[in-house]
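An overview of the molecular structure
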Amino acid sequence: MNIKPVILSGGSGTRLWPSSRLSLPKQFINFMNVENLFYKTLNRIKKLTKNNKILIVSSRHHGFLCRTEVQKLAISAEYILEETGRNTAAAVFFSALASNPDDVLCIIPSDHWISDDTYFCNLINSGIPEASKGKWVTFGIKPNEPATGYGYIKTKNVINSILNVEKFVEKPNKKKAIEFLTNKNYFWNSGIFLVTAKKCIDSFQKFQPELVKFANDCWNKKVVNQDERILLGNHLRKIPSISLDYAIMEFEKDISLIPFKSHWSDLGNWGELSKYI
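Remember, it's a predicted structure, so these values are computed and weren't measured experimentally.

The next point concerns helix α2 (residues 63-73). Along α2, the residues classified as buried are Gly63, Leu65, Cys66, Glu69, Val70 and Leu73. With its buried residues spanning 165 degrees around the axis, α2 presents them on a single face. In α2, those exposed residues whose orientation departs by more than 90 degrees from the buried face are Phe64 and Gln71. The secondary structure elements touched by the buried residues of α2 are β1 (3-9), α1 (37-49), β2 (54-59) and β3 (77-82). Backbone geometry just after α2 places Ala74 at a positive phi near 55 degrees.

Considering the arrangement of structural elements, one finds Arg86 in the loop between β3 and α3 (87-97). Buried charge without a salt bridge: Arg86, with Glu82 as the nearest opposite-charge side chain at an N-O distance of 7.9 Å. There is a polar contact of 3.2 Å between the side chain of Arg86 and the backbone oxygen of Leu236. A distance of 2.9 Å separates the side chain of Arg86 from the backbone oxygen of Ile239, its partner in a polar contact.

Criteria and thresholds
One numbering rule holds for all chains: residues counted from 1, following each sequence as written. Totals for whole chains, interfaces and linings use all residues, but because this is a predicted model, local features are given only for residues with pLDDT of at least 70 and pairs of side-chain atoms are given and counted only at 80 or more. Water and hydrogen atoms were dropped before computing side-chain values, which therefore reflect all heavy atoms in the structure. Exposure categories follow from relative accessible area, calculated using a 1.4 Å probe and restricted to protein chains: below 20% of the type maximum is buried, above 50% is exposed, and the middle band is partly exposed. Secondary structure elements follow DSSP: runs of H or I no shorter than four residues count as helices, runs of E no shorter than two count as strands, and numbering proceeds from the N terminus. Here the arc refers to the directions that run from the helix axis out to each C-beta atom. Should any heavy atoms of two residues lie within 4.5 Å, those residues are considered in contact. Asp and Glu count as negative and Lys and Arg as positive, but His and the ends of the chain are not part of the count. Any carboxyl oxygen of Asp or Glu that lies within 4 Å of a side-chain nitrogen of Lys or Arg is treated as forming a salt bridge with it. Polar contact is defined as a pair of N or O atoms within 3.5 Å, subject to the rule that within protein one atom must be able to donate a hydrogen and the other to accept it, and that residues adjacent in sequence are counted only when both atoms are side-chain atoms.

Structural data, given as structure tokens:
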């Protein structure tokens, strides 16, 4: 079973403004001589590749920023570059179209902080057999505070190392977040997934046929330039702009969760960043 890392590198540069901006989203910012988050993500994920290519999905405007970091690490990579962003659902669907049906996609955001790379890689490897069964596998963070800035995942059981997902929950208010903190069945949504390309496409065809129609048309009209697949704006704009959670996770029943028990953050604001930098 071939694991294929997929790095999602979108963003409008608003969450750590003014340091981050449209031309320089937070994953490309170097803070206090610390390597940027995109570089850290690449360095972490290369341990999973076994010389397989990493697939990077990004804006065409940020392609050169991605390539700069890839070259620093001498990693083999291929690129899907969008002329206009259509959120994570379309990005993940395009990733599946660019893969072999049996590839296990390891879908990860490029702008998260993960302290222990070895732990992360071992955890991802532990989920591959479950994904190979035709499941979506996600990784949930056990809350340590009543955070209102994260989406949550509710599981059905709490005793196994791999849990069954009951539902994805939108970012809560403070009262709900306090309730979730005391309930062992709730986890923060890390946005990290394992799924075979075949299962991914099957889920989209089942739950998002309109997106599939326009995304397939866009894919068929892409421009290929060596290791880049460039998706054109006039075709992208026809695709519904929707997150993977809303498009698939709210409907899909074949989802497993593996608890993530190391330091993680999406560094969504300056206060969170100050804990790690």
